[in-house]
Amino acid sequence: MSGADKKLVFVSYAHEDDTVLKRKLLPFLKDLELGEEIELWHDRMIGTGEDWYAEIADRLDNAKVAILFVTQEFLSSRFCRLEEVPVLLQRARRGELQILPLLVEDCLWKEKRWLSRLQMWPEDGKALDAFRRPGWKRVMTEFARRVLKAVNAPAEPDESEGRFDAPHPTHDLHRMPQTGSLLFGRRREIKLLDDAWNGGTNIVAFTAGGGVGKSTLARVWAEMLAEDDWRGAERAFAWSFYSQGTGRMTDAEGFINEALAWFGDDTPIGLSLWDRAERLANYVRKRRTLLLLDGVEPLQSGDEGVDQGSIRDPGLRTLLEELAKDNPGLCVVTTREPLVDLEEYGAPAVLHQDLDQVSTLAGRALLRVNRIRGEDADLEATVGDLGRHALAVSLLGNLLTDEIATPHISTAKTLPKLAYPVEQGGHPRRVLDAWAKRLGDGAALELLHIIGLFDRPAARSAVQAVIDGDLLPGLTTHLRAANLDGVLARLRTAGLLARQSLHEDTIDAHPIVREHFGQRLNTRHPNSWREGHRRLYEHYKNEAEHRPNDLAGMQPLFAAVAHGCAARLYQEVLDEVYNDRIVRRGEGYLVFRLGAFAADLSCLSHFFAERWNRPEPTLSSTAQSWIIGQAGFRLRALGRLREAVGPMAEALSQHEQTERWSNAAVVASNLSHLYLVLGEVAQADTHARDAVDYADRSGDLSQRLSKRSTHAGALHQLGRTSDARVLFVEAERMQAELQHGFPILYSLRGYQYCDLLLAEGEADEVVRRAEQTLEWVTPQQWLLAIALDHISLGRAHMATFPPDLVAAEQHLRVAVDGLRASGQMQELPRGLLARAAFHRSQGNLAIAQRDLNEVRTIVRRTGMRLYEADLELEQARWHVANGDADAARQALDKARDLVEDMNYGRRRPEVADLDASIAALRSR
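Let us look at the structure shown here.

Calculation rules
Residues numbered from 1 in each chain as written. Predicted model: local features only at pLDDT ≥ 70, side-chain atom pairs only at ≥ 80, totals over all residues. Heavy atoms only, no water. Helix = DSSP H or I, 4+ residues; strand = E, 2+ residues; numbered from the N terminus. Expected span 1.5 Å × (residues − 1). Buried < 20%, exposed > 50% of the residue type's maximum accessible area, 1.4 Å probe, protein only. Core = buried A, V, L, I, M, F, W, Y, C linked by side-chain atoms within 4.5 Å. Contact = heavy atoms within 4.5 Å. Pairing = 2+ DSSP bridges. Axes fitted to C-alpha atoms, helices over the stretch in contact; angles between N-to-C directions. Salt bridge = Lys/Arg side-chain N within 4 Å of Asp/Glu carboxyl O. Parallel < 35°, antiparallel > 145°, perpendicular 65-115°, else oblique. Left-handed = near helix turned anticlockwise from the far one by under 90°. Nonpolar A, V, L, I, M, F, W, Y, C, P; charged D, E, K, R; others polar. Phe/Tyr/Trp six-rings, centres within 6.5 Å; stacked < 30°, edge-to-face > 60°. Lys NZ or Arg CZ within 6 Å of the ring centre and 35° of its normal.

Things to note about helix 22 (residues 526-543)
- Between its terminal C-alpha atoms helix 22 stretches 26 Å, which fits the 26 Å expected from 18 residues at 1.5 Å a residue.
- Looking at helix 22, one finds that the buried residues are Ser 528, Trp 529, Gly 532, His 533, Arg 535, Leu 536, Tyr 537, His 539, Tyr 540 and Lys 541.

Written as structure tokens, this is what we have:
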């Protein structure tokens with residue numbers, strides 16, 4: 001900007017106000033202009049034959065101060081609103097100029113949020129035409145002083161932008177993507193968010209393809225809140241889940257843990273992911289909170305079918321379901337896939353909004369911001385040719401102005417044809433191909449290729465780790481000798497990289513940009529792609545502690561797994577990083593010490609060629625079978641039961657083929673337990689029989705006794721009590737032979753036997769057994785085994801004569817807490833149902849119903865139909881206790897249908913008993 005330009009004052013006005021402008025504003029600025037204190041400019045100063053738009057665009061780009069001559073005609077001017085104002089707002093947000101609006105006449109300016117946020121003059125909102133002559137002259141003289149002061153003021157970034165991006169104890173939104181400041185054609189969506197914030201709405205979910213502007217919308221609206229002193233938001237927190245496309249595996253565990261810490265919660269590590277998510281929801285609800293969750297699609301199912309869009313991560317699903325029910329603030333979610341899990345929550349509690357592409361007018365304005373010349377019709381036609389895709393139009397605008405003094409829309413005719421599916425970012429990728437051609441074979445293109453190696457913002461140190469070392473074609477040949485800061489500035493100016501973070505030395509780009517240039521590198525230079533990932537693998541592996549003790553310390557190791565597997569170093573990564581440093585061989589540290597089932601599953605996903613079904617073939621056969629089994633176990637523990645069936649079945653098949661009978665027995669037993677809670681009791685029995693067969697073939701006494709217990713448990717659920725008891729007795733004989741000091745069944749096997757004994761009325765025997773086994777397992781800190789013993793003791797003390805109700809209540813309370821701490825969601829309904837039965841029997845119906853409601857939520861989330869039948873039976877008993885025969889009958893009918901459909905034989909006598917109880921209630 002020249003010395004004269006530094007004093008440039010741009011006047012934006014409607015031509016219908018030309019006479020008023022000359023009479024009321026220009027005389028008060030002419031004196032400053034004559035004294036060369038300012039350089040005044042308005043579009044009537046364009047000479048005949050000059051390129052009027054280029055002249056306006058040049059002045060817009062170089063003004064130090066902009067005056068808005070506010071009248072109703074100004075507000076109605078398409079040119080002012082669509083061409084001039086967006087540029088001025090963008091430059092003002094960047095601190096490059098100051099906007100001074102002047103209210104000339106009474107009009108609807110307060111209804112324009114972009115204008116109402118500015119400091120209007122006169123300050124009292126009284127328009128100039130309301131003043132008498134001496135009065136308006138004094139007002140205008142003071143306005144001229146303000147103009148002069150603004151011209152001489154140093155340029156500073158907008159305070160709100162810095163406040164928005166800097167972490168703060170009560171408002172921390174710095175993780176939102178740096179998408180740029182301009183938002184075009186989204187007035188309806190901004191109003192929707194404003195109305196939602198004003199009350200009555202708990203969640204707003206915006207759905208659209210990549211690059212349409214979801215993140216920009218959420219960010220700009222949050223910036224508006226920040227500029228308005230947060231409009232009552234006592235806290236605000238944001239997180240972005242974006243990774244490349246929707247196919248990469250990620251989880252919400254890190255988000256939930258970090259968010260809990262930010263909200264001030266000291267959550268015990270042992271709590272399950274569900275419990276931590278519920279705690280987070282409670283913290284969000286304590287005060288009026290704005291929660292922004294950006295780009296959640298990596299945590300959703302992208303597979304076509306009945307569950308498409310379903311949130312696979314149980315932590316995020318729990319959080320959103322909790323907030324959907326009750327939220328005094330607002331949660332804003334952006335995603336590429338509809339949030340089908342929230343469809344049952346209707347408006348206004350949850351608003352599902354598809355985000356259309358930008359309008360042709362908004363797209364035209366986006367191009368005009370970049371000073372693109374040409375007829376309006378040609379600009380709008382180009383916007384249409386790009387599918388009205390916001391990212392594509394923005395990238396094109398930057399492309400046309402790149403190193404070109406007078407860009408014209410006609411240049412867009414040279415864009416490559418559509419080569420990628422539209423739903424995979426085809427339109428912006430056309431422009432990215434053109435950008436690659438423009439950049440040529442040089443440092444800038446190589447840096448974009450490096451960014452394509454990442455699926456999230458990249459630390460500069462990690463980028464440097466790729467650059468260092470031997471030269472790599474397409475990756476570092478030119479970049480090694482280039483000035484990295486200069487290359488970054490070039491790409492940020494072009495809009496290919498996000499602008500510099502105000503607090504972190506990271507490099508980021510839109511996910512479509514990352515994905516495009518990552519694929520380009522992999523296609524054209526596959527060896528460089530692998531070597532780049534290998535260098536990142538070494539970088540992160542060396543950056544981390546050898547064996548970190550918490551999830552935060554684990555993050556570099558998680559990154560090492562991702563990049564090492566992308567470099568196709570699967571066996572090395574499995575042995576040296578995952579097994580040795582993350583799960584620590586037999587310790588299962590990530591799961592059993594940190595309770596991080598979801599994070600563990602994310603790590604495992606990198607070892608699969610076909611997720612959960614086919615591991616990478618370069619792994620050893622033993623490793624492949626083990627990985628599938630581990631994935632199935634994690635899926636089951638996370639409540640993703642149907643997904644767990646496939647990998648478990650595949651693991652079983654591999655063990656059968658290689659005659660690894662002990663492993664086959666374990667997996668068949670796990671499948672039996674899985675099918676049992678899913679309500680497929682016959683399938684459970686079949687796999688339990690197979691487990692016994694495989695265990696016998698293995699000759700392993702431990703496997704033989706445990707698998708007999710599995711089969712006995714399945715037979716008990718079928719109602720074949722005597723057959724089940726024979727197997728339990730046989731298993732216990734083997735137990736005494738195997739471990740002389742522990743002659744009775746314990747842990748899950750002991751619980752299953754006690755469950756049968758309680759059904760047979762042998763409560764005293766259960767007390768004896770469970771007290772003994774609890775004494776054994778407590779020193780080992782086996783959380784699940786301890787909790788199950790407490791359930792047995794609680795139920796048994798209720799059934800003894802006389803019952804010990806104090807002991808029963810205490811054991812059941814400890815049992816539920818222990819089951820939560822174990823992280824095994826598939827076991828929690830056992831404790832909740834037992835505790836609900838206790839409270840119902842004592843007349844504490846409200847307390848009992850809370851436990852039943854929690855079981856209902858778990859069943860809905862996981863599909864555990866066996867517990868659904870148990871739930872409806874207990875709900876029927878609750879209604880009988882409450883004296884409501886009709887509600888009891890309705891619950892019993894549901895239970896009866898489930899029992900018969902699943903062949904859940906052990907519950908048939910209970911159905912008959914409840915029939916009689918309801919009949920007796922009706923006859924009273």
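Here the narrative resumes.
What about the nonpolar core?
- Counting 226 residues, the largest nonpolar core has Phe 255, Leu 293, Leu 320, Ile 582 and Phe 607 as the members making the most contacts within it.
- For this core, the leading source of residues is helix 29 (residues 661-677), giving 10 residues.
- Ignoring anything within four residues of it in the chain, the contact list for Leu 320 reads Ile 203, Leu 293, Ile 311, Cys 331, Val 333, Leu 339 and Leu 342.

Here we look at the sheet that holds strand 9 (residues 330-335)
- On the basis of which strands lie adjacent, the open sheet formed by six strands has the order 5-7-8-9-6-10 and parallel pairing. Two strands bound the open sheet, and with one partner strand each, they are strand 5 (171-172) and strand 10 (350-354).
- By the bridge criterion, five bridges tie strand 6 (residues 203-207) to strand 9 in an arrangement that is parallel. Each residue of the ladder has a partner; that of Ala 205, found in strand 9, is Val 333.
- Strands in contact with helix 11 (residues 253-262) are strand 5, strand 7 (235-240) and strand 8 (289-294); relative to strand 7, the strand with the most contacts, it is inclined by about 160°.

Looking at unusual backbone geometry
- Between Trp 121 and the following residue, Pro 122, the backbone shows a cis peptide bond with an omega angle of 0°.
- Structurally, Pro 122 is set in the loop between helix 6 (113-116) and helix 7 (133-152).
- Each neighbour pair has its own omega, and for Ala 347 with Pro 348 the value is 5°, a cis peptide bond.
- Positive phi, close to 60°, is recorded for Arg 584, a residue that is not glycine.
- Assignment of secondary structure puts Arg 584 in the loop between helix 24 (570-582) and helix 25 (589-593).

Quick word on the sheet that holds strand 3 (residues 65-70)
- Pairing in this open sheet of four strands is parallel, and the strands run 2-1-3-4 from one edge to the other. Two strands bound the open sheet, and with one partner strand each, they are strand 2 (39-41) and strand 4 (98-103). Averaged over all neighbouring strand pairs, the angle between strand axes comes to 20°, with direction disregarded.
- Two elements, strand 3 and strand 4, share six bridges in a ladder whose sense is parallel. When the bridges of strand 4 are listed, Val 65 appears paired with Gln 98.
- Taken strand by strand, helix 7 contacts strand 1 (8-12), strand 3 and strand 4, and its axis lies near 170° from that of strand 4.

Looking at the pattern of salt bridges
- Using the criterion set out here, one finds 62 salt bridges in the structure.
- The closest approach of N and O atoms between Arg 279 and Asp 265, which form a salt bridge, is 2.9 Å. Here Asp 265 lies in the loop between helix 11 and helix 12 (273-286) and Arg 279 lies in helix 12, a separation of 14 residues in the sequence.
- Across the salt bridge formed by Glu 874 and Arg 877, the nearest N and O atoms sit 3.2 Å from each other. With Glu 874 and Arg 877 both in helix 39 (residues 865-881), this residue pair falls three residues apart, about one helical turn.

Some details on helix 38 (residues 845-862)
- Relative to the 26 Å expected for 18 residues at 1.5 Å per residue, helix 38 spans 26 Å between its end C-alpha atoms, a close match to the ideal helical length.
- Looking only at helix 38, the buried set comprises Leu 845, Ala 848, Gln 849, Asp 851, Leu 852, Glu 854, Val 855, Thr 857, Ile 858, Val 859, Arg 861 and Thr 862.
- Against helix 12, helix 13 (314-325), helix 28 (641-657), helix 36 (805-822), helix 37 (828-841) and helix 39 lie the buried residues of helix 38.
- Within two residues after helix 38, Gly 863 carries a phi angle of roughly 75°, on the positive side.

A closer look at the packing of helix 38 against helix 39
- Running from N to C, helix 38 and helix 39 point in directions that differ by 155°, and their axes come no closer than 10 Å. By the criterion of interaxial angle, the relationship of helix 38 to helix 39 is roughly antiparallel. In this structure, helix 38 meets helix 39 at a crossing whose hand is left-handed. Within the contact between the two elements, helix 38 uses Leu 845, Ala 848, Gln 849, Leu 852, Val 855, Arg 856 and Val 859 and helix 39 uses Tyr 867, Glu 868, Leu 871, Glu 872, Glu 874, Gln 875, Trp 878 and Ala 881.
- Partitioning the contact of helix 38 with helix 39 into residue classes produces nine nonpolar, two polar and four charged.

Structural notes on the packing of helix 14 (residues 360-369) against helix 15 (residues 376-385)
- Packing of helix 14 against helix 15 leaves a shortest axis separation of 8 Å and a crossing angle of 110°. For the element pair helix 14 / helix 15, the angle class is roughly perpendicular. Contacts between helix 14 and helix 15 involve Thr 360, Leu 361, Gly 363, Arg 364, Leu 367 and Arg 368 from the first element and Asp 376, Leu 379, Glu 380 and Val 383 from the second.
- Here the contact of helix 14 with helix 15 is built from residues that sort into four nonpolar, two polar and four charged.

Some words on the environment of Gly 679
- The residue Gly 679 is located in the loop between helix 29 and helix 30 (681-698) in this model.
- Residues Gly 679 and Ala 869 lie 190 residues apart in sequence; the distance between their C-alpha atoms is 8.9 Å.
- Dropping the residues within four chain positions of it, Gly 679 is found in contact with Arg 865, Leu 866 and Met 902.

Observations regarding the environment of Arg 820
- By secondary structure assignment, the location of Arg 820 is in helix 36.
- Given the relative accessible area of 16%, Arg 820 is considered buried.

Quick look at the packing of aromatic side chains
- All chains considered together, the criterion is met by 18 aromatic pairs.
- When the ring of Phe 10 is compared with that of Trp 41, the centres are 5.5 Å apart and the planes differ by 20°; the resulting orientation is stacked. Here Trp 41 lies in strand 2 and Phe 10 lies in strand 1, a separation of 31 residues in the sequence.
- With relative accessibility at 0%, the residue Phe 10 sits in the buried group.
- Judged by relative accessible area, which is 3%, Trp 41 ranks as buried.
- For the ring pair Phe 608 and Trp 612, a centre distance of 5.3 Å and an interplane angle of 75° mean the geometry is edge-to-face. The same class applies to Phe 608 and to Trp 612, which are both buried.
- Chaining the aromatic ring pairs together yields one cluster made of Phe 742, Tyr 746, Trp 776 and Trp 782.
- Between Lys 286 and the ring centre of Tyr 283, over which it is positioned, the NZ or CZ distance is 4.2 Å.

Comments concerning the pairing of strand 8
- Extensive coverage of strand 8 is indicated by the burial of six of its six residues.
- Of the two faces of strand 8, the one lined by Thr 289, Leu 291 and Leu 293 and the one lined by Leu 290, Leu 292 and Asp 294 are each fully buried.
- Judged from the six bridges that link them, strand 7 and strand 8 form a sheet pairing that is parallel. Residue Ser 240 lies in a different strand from strand 8, and its bridge partner there is Asp 294.
- The pairing of strand 8 with strand 9 spans five bridges and is classified as parallel. Considered in strand 9, the bridge of Leu 290 is made with Leu 330.

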